Amino acid sequence: MRIVGVVDGDTVVLADGREVRMIGIQAPKLPLGRKGFKAWPLSPEAKARLVALSKGKDARLRYGGAREDRHGRVLAHIFVSSGQGEVWLQQQMLAEGLARVYTFPDNRSCASELLQAEQKARAAARGIWRDPYYAIRKAENVGVLEQLEGRYELVEGVVTSASLVRDRLYLNFGSDYRADFTVTVKERDIKLFQRTEPWTFILAQAGSGARDLAALVGTPLRIRGWLGQYNGPEIVVTHPEQIEFAGAATRKNSREN
């Protein structure tokens with residue numbers, strides 16, 4: 001099916017009228033008619049690049065979970081032909097620094113490959129990674145995080161305490177859980193973690209009666225999600241791909257701690 005239009009940096013229009021939201025990424029947002037919405041930095045550039053990559057080309061769709069969102073848009077990975085072969089649009093936009101990885105619990109496919117593309121672009125300071133708007137935030141900078149409430153952010157920090165209380169996971173990044181940055185995984189979402197390494201092993205320890213997850217203390221993590229506020233800045237995580245082990249933490253490290 002041919003791509004005949006581009007809405008923004010992560011959404012295209014097919015010849016049959018369907019809109020396709022490219023799963024796995026989030027490009028800088030345009031207002032798109034939303035009153036009072038301020039365009040994110042590099043949003044026009046992201047749209048223009050997707051136009052150049054895709055408009056007028058035949059698209060091959062690959063599904064990785066839920067196939068339609070609440071707006072009626074198709075959810076898919078998109079591949080188009082080019083002179084060098086087939087281009088995976090999600091991966092290309094990430095590689096050029098014009099998007100961030102953005103997954104959902106019902107659409108997690110290819111997250112590892114997408115994260116690798118994002119990491120390379122970030123290391124090379126391409127696109128959005130040169131702009132302070134998209135900087136990775138430090139968990140200890142609570143005042144900064146409080147000012148960013150309601151925004152999608154990447155936050156890095158070292159776990160100071162972790163616990164599984166009534167099947168809800170809490171990761172704390174400061175000495176005072178009532179004021180410092182916290183990551184929360186609700187009971188309904190724990191099952192995804194229990195099926196994903198290294199969380200399978202980590203959470204199994206808690207299941208044996210160790211309510212304090214000592215294996216995670218001192219571990220550097222990178223968390224992505226929407227910043228909220230509850231006893232200090234908080235990100236509610238719904239699936240494992242939102243949390244990266246930012247240091248050398250692996251299943252092996254967890255076993256040794």
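The model shown is predicted, which means the values in this text are computed figures rather than measured ones.

A look at the overall build of the chain
- What the chain contains, in helices and strands, is 7 helices and 16 strands.
- For a compact globule of 257 residues, the expected C-alpha radius of gyration is about 18 Å, and the chain comes in at 19 Å, within 12% of that figure.
- Across its three principal directions, the C-alpha atoms of the chain cover 55 × 35 × 35 Å.
- Within the chain, the proportion of its 257 residues that are buried is 47%.
- Across the chain, every contact between residues at least 6 apart in sequence was considered, and the portion connecting residues at least 24 apart equals 60%.
- Positive and negative charge centroids in the chain, built from 38 and 30 side chains respectively, lie 3 Å apart.

Observations regarding helix α3 (residues 111-123)
- With 13 residues, α3 extends 18 Å from end C-alpha to end C-alpha; this agrees with the ideal 18 Å at 1.5 Å per step.
- Those residues of α3 that sit buried are Ala111, Leu114, Leu115, Ala117, Glu118, Ala121 and Arg122. Buried residues along α3 cover an arc of 160° about the axis, so they all sit on one side. Along α3, exposed side chains directed more than 90 degrees from the buried face belong to Lys120 and Ala123.
- Looking at the residues trailing α3, positive phi occurs at alanine 125, about 55°.

Describing helix α1 (residues 43-54)
- Along its 12 residues, α1 runs 17 Å from first to last C-alpha, staying within 8% of the 16 Å computed at 1.5 Å per residue.
- Within α1, the full set of buried residues consists of Ser43, Ala46, Leu50, Leu53 and Ser54. On an axial view of α1, the arc spanned by its buried residues comes to 90°, and they lie on one face.
- Those residues of α1 that are buried lie in contact with β1 (3-8), β2 (11-14), β3 (19-22), β6 (74-82) and α2 (89-95).
- One or two residues past the end of α1 sits glycine 56, with phi positive at roughly 85°.

So, the nonpolar core
- Counting 29 residues, the largest nonpolar core has Ile3, Ile78, Leu89 and Met93 as the members making the most contacts within it.
- Elements with a contribution of two residues or more to this core: β1, β2, β3, α1, β6, β7 (85-88), α2 and α3.
- Among the elements that line this core, the one with the most residues is β6, at 5 residues.
- Not counting the four nearest positions on each side in its chain, isoleucine 78 is found in contact with Ile3, Val12, Val20, Met22, Ala59, Arg60, Leu61, Val87, Trp88, Leu89 and Gln90.
- Core analysis: the next-biggest nonpolar cluster, separate from the first, contains 26 residues, Leu164, Phe181, Val183 and Leu216 among them.

Here is what the cut-offs are and how they apply
- Residues numbered from 1 in each chain as written.
- Predicted model: local features only at pLDDT ≥ 70, side-chain atom pairs only at ≥ 80, totals over all residues.
- Heavy atoms only, no water.
- Helix = DSSP H or I, 4+ residues; strand = E, 2+ residues; numbered from the N terminus.
- Rg over C-alpha atoms; globule rule 2.2 N^0.38 Å.
- Buried < 20%, exposed > 50% of the residue type's maximum accessible area, 1.4 Å probe, protein only.
- Contact = heavy atoms within 4.5 Å.
- Lys, Arg positive; Asp, Glu negative; His and termini not counted.
- Charge placed at Lys NZ, Arg CZ, Asp CG, Glu CD.
- Expected span 1.5 Å × (residues − 1).
- Arc of directions from axis to C-beta.
- Core = buried A, V, L, I, M, F, W, Y, C linked by side-chain atoms within 4.5 Å.

Shape descriptors only; they carry no functional weight alone.
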